[in-house]
Amino acid sequence: MDLTDLDLACFDVECAVETIGSSAYAILSILARLQSAPDLVTEYAKFTNVPPDIAELILSNEYRQLYDRHTRSLIVTIPGRPHDALVGELHLVMAVSLANMRRTEWSLTTARVEGGICAKEPDGSWIPRELPPGRSEKWPTVILEVGVSEAKKKLRADADWWLANSEGQVHVVITIAVSRTVPEVTFETVVLEQPPTYIMGQRRYVTQVRQSIVVFRPPGGPITAVPDISPLIITLQQVPETDPVIPIPSLESIASAAWRWQEL
């Protein structure tokens, strides 16, 4: 899959609103209406014919933006409280895990990054303070993307976008998919397939799910993780320190934070 295909895949999501985004005021008005929904988990809005000067604006630190300069299309992710709870809890857990490494890493939070065609904002990102020779400061080492289970295809496309556009400088993408209707959260790590694939001398960036853990609470039962034999491992390729991990109890706590706001 080339970069153009990856960009198109990121835009392939069912949106609550699809309309022309000719002004920042009109876009913000629509986003504010969507954000006011009482049962909001995560929602998506797509705007077409968006001028570059509007797309370059940070509409709000609460939203996540993806903009295609060629088609002038803009996808905005509107996070609700469950979404924000997942992000906040994951940031706290990652801070503890990274603090146990000999090399200190720091969070770039949701800094916008320009890819080959599109500009994208993650739900979180981390990069070492001291980069190895030749390593660009543009691309974080670890990316976080959060969304709803009903849009899991987009989450995977987002992960592929980061890994391919960075040409492997992003080592791992953590995706978190939360169900809108039942207490279930899926945690996955997506990495580039190894060894690399080459076609006609050109590297093809093929991705794979390295690990997947589902945390759920059955009716009347306890919180359960499947599988529960190993923590979520954040694989940092070419980094000599021990990889950070997120233990199963921490994953259960992160999921519970979202369910609290969903009243599930």
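Just so you know, these numbers come straight off a predicted model, no measurement behind them.

Conventions we followed
Numbering of residues begins from 1 in every chain and follows the order in which that chain's sequence is written. Under the rules for a predicted model, residues below a pLDDT of 70 receive no local features and side-chain atom pairs below 80 are neither given nor counted, while totals for whole chains, interfaces and linings still include all residues. Calculation of side-chain values draws on the structure's entire complement of heavy atoms; hydrogens and water are dropped beforehand. Secondary structure elements follow DSSP: runs of H or I no shorter than four residues count as helices, runs of E no shorter than two count as strands, and numbering proceeds from the N terminus. Here a polar contact is taken to be a pair of N or O atoms separated by no more than 3.5 Å, where protein atoms must pair a possible hydrogen donor with a possible acceptor and residues adjacent in sequence count only if both atoms sit in side chains. Paired strands, as defined in this entry, are two strands with at least two bridges between them according to DSSP. Contacts: residue pairs with any heavy atoms within 4.5 Å of one another. Angular values range over 0 to 180 degrees, each being the angle between N-to-C directions of two axes fitted as lines to C-alpha atoms, with helices fitted over their stretch in contact. Partly exposed residues are those whose accessible area sits between 20% and 50% of the maximum for their type, while under 20% is buried and over 50% is exposed, using a 1.4 Å probe and protein chains only. A side-chain nitrogen of Lys or Arg and a carboxyl oxygen of Asp or Glu constitute a salt bridge if their distance falls within 4 Å.

Trainee: Teacher, can you tell me more about the environment of Gln-262 here?
Mentor: With respect to the helices and strands, Gln-262 occurs in helix H6 (residues 248-262). Taking the C-alpha atoms as reference points, Gln-262 and Gly-80, 182 residues apart in sequence, are found 9.7 Å from one another. Within the structure, the side chain of Gln-262 is placed 2.8 Å from the backbone oxygen of Ser-179, a separation counted as a polar contact.

Trainee: Just to check I follow, could you spell out the sheet that holds strand E7 (residues 118-120) for this structure?
Mentor: Whether parallel or antiparallel, the strands of a sheet pair through hydrogen bonds between backbone atoms. Spatially, the six strands line up as an open sheet ordered E1-E2-E4-E3-E7-E6, and their pairing is mixed. Only two strands of the sheet have a single neighbouring strand rather than two, namely strand E1 (17-20) and strand E6 (113-114). Here strand E3 (residues 64-68) pairs with E7 via three bridges, running antiparallel. Directly across from Asp-68, in E7, lies its bridge partner Cys-118. Together, E1, strand E2 (42-48) and strand E4 (73-79) form the strand contacts of helix H2 (residues 24-35), whose direction differs from that of E4 by roughly 30°.

Trainee: What am I meant to see in unusual backbone geometry here?
Mentor: Glycine aside, negative phi is the norm for most residues, and most peptide bonds take the trans geometry. Cis geometry is adopted by the peptide bond preceding Pro-227, which originates at Val-226 and carries an omega value of -10°. Within the secondary structure, Pro-227 is located in the loop between strand E15 (224-226) and strand E16 (232-233). In this model, Asn-49 sits at a positive phi of 55°, which is unusual for a non-glycine residue. Take Asn-49: it is sitting in the loop between E2 and helix H3 (52-55). One non-glycine residue, Arg-72, adopts positive backbone phi at about 60°. With respect to the helices and strands, Arg-72 occurs in the loop between E3 and E4.

Trainee: Whenever I open this one, the environment of Ile-229 confuses me. Can you help?
Mentor: Along the chain, the position of Ile-229 falls in the loop between E15 and E16. Judged by relative accessible area, Ile-229 falls into the exposed class, the value being 77%. C-alpha of Ile-229 to C-alpha of Ile-213: the two residues are 16 residues apart in sequence and 10.0 Å apart in space.

Trainee: What is the right way to read the pattern of salt bridges from this model?
Mentor: Any two side chains of opposite charge can pair, so long as their charged atoms come close to each other. Tallied over the full model, the rule gives 10 salt bridges. We note a salt bridge from Asp-12 to Lys-153, for which the minimum N-O separation is 3.1 Å. Residue Asp-12 is found in the loop between helix H1 (3-10) and E1, and its partner Lys-153 is found in helix H5 (residues 152-165); the two are separated by 141 residues along the sequence. Judged by its relative accessible area of 44%, Asp-12 falls in the partly exposed class. Across the pair Glu-114 and Arg-69 runs a salt bridge, and its minimum N-O distance is 2.5 Å. With Glu-114 in strand E6 and Arg-69 in the loop between E3 and E4, this residue pair connects regions lying 45 residues apart in the sequence. Classification of Arg-69 by relative accessible area gives partly exposed; the value is 35%.

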